[in-house]
Amino acid sequence: MGRLFLISLEGKIYSCKHCQAHLALSDDIVSKSFHCRHGKAYLFNKVVNVTVGIKEERLMMTGMHTVCDIFCVGCGSIVGWKYVAAHEKNQKYKEGKIVLERFKLTGPDGSRYWVTHDSHMGGSDADDA
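What counts and what doesn't
- Residues numbered from 1 in each chain as written.
- Predicted model: local features only at pLDDT ≥ 70, side-chain atom pairs only at ≥ 80, totals over all residues.
- Heavy atoms only, no water.
- Helix = DSSP H or I, 4+ residues; strand = E, 2+ residues; numbered from the N terminus.
- Areas by Shrake-Rupley, 256 points an atom, 1.4 Å probe, with all protein chains shown as cover.
- Phe/Tyr/Trp six-rings, centres within 6.5 Å; stacked < 30°, edge-to-face > 60°.
- Buried < 20%, exposed > 50% of the residue type's maximum accessible area, 1.4 Å probe, protein only.
- Disulfide = S-S within 2.5 Å.
- Salt bridge = Lys/Arg side-chain N within 4 Å of Asp/Glu carboxyl O.

K.L.:
Is there a simple way to think about the overall build of the protein chain in this case?
P.N.:
From N to C terminus, the protein chain includes zero helices and 10 strands. Starting at the N terminus and ending at the C terminus, the protein chain contains elements arranged as β-β-β-β-β-β-β-β-β-β. Of the roughly 7200 Å² of accessible surface on the protein chain, 52% is carried by carbon and sulfur atoms.

K.L.:
Would you mind showing me how to read the packing of aromatic side chains here?
P.N.:
The geometry of an aromatic ring pair is captured by the separation of the ring centres together with the interplanar angle, meaning the angle of the planes. For the structure shown, the criterion picks out three aromatic pairs. Between the aromatic rings of Tyr14 and Tyr42, the centroid separation amounts to 5.8 Å while the plane-to-plane angle is 85°, which identifies the pairing as edge-to-face. With a gap of 28 residues between them, Tyr14 in strand E1 (residues 13–16) and Tyr42 in strand E4 (residues 39–44) connect regions that are remote in the sequence. Assigned by exposure class, Tyr14 and Tyr42 land together as buried.

K.L.:
How should I be thinking about the state of the cysteines in this particular structure?
P.N.:
Each disulfide consists of a covalent bond between the sulfur atoms of two cysteine residues. A complete count under the given rule lists zero disulfides for this structure. Free cysteine Cys72: the closest other cysteine sulfur is in Cys19, separated by 3.5 Å. Of all cysteine sulfurs in the structure, the one in Cys16 sits closest to Cys75, which takes part in no disulfide; the separation is 3.6 Å.

K.L.:
I tried to follow the pattern of salt bridges on my own but got confused; where do I start?
P.N.:
Think of it this way: side chains of opposite charge can pair up when their charged atoms draw near. Throughout the structure, instances matching the rule amount to four salt bridges. Note that Asp69 is salt-bridged to Arg58, the shortest N-O span being 2.8 Å. Residue Asp69 is located in strand E6 (residues 63–72), and its partner Arg58 is located in strand E5 (residues 50–60); the two are separated by 11 residues in the primary sequence. Exposure class is identical for Asp69 and Arg58. Each is buried.

Pasting the structure below:
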């Protein structure tokens, strides 16, 4: 195994809650209106220190999408997913963007979100996109 190089970000940073690897800046948030199995999720323009899994078709609340799971390079935890393709015309804005599950992150102020009992257990997606 080689040496691990992590990108360090400056500003208001979202980090992996397991290993504190920097993942994204709050300035890169597109939307905070996304939901996943564990509660809230945020749509980002770009993230760092992640690897991309295999493409798969996933039926979400807003239709069928081609997505890849996103893994933290620091610890290997799944932290969200990347939209590769949206099959509905009104969902094309998501293509190339990344969703990070808030439950898997430490926020800029050091806060962590916990799973709530009323979290949606279906497909993950924006509720108002």
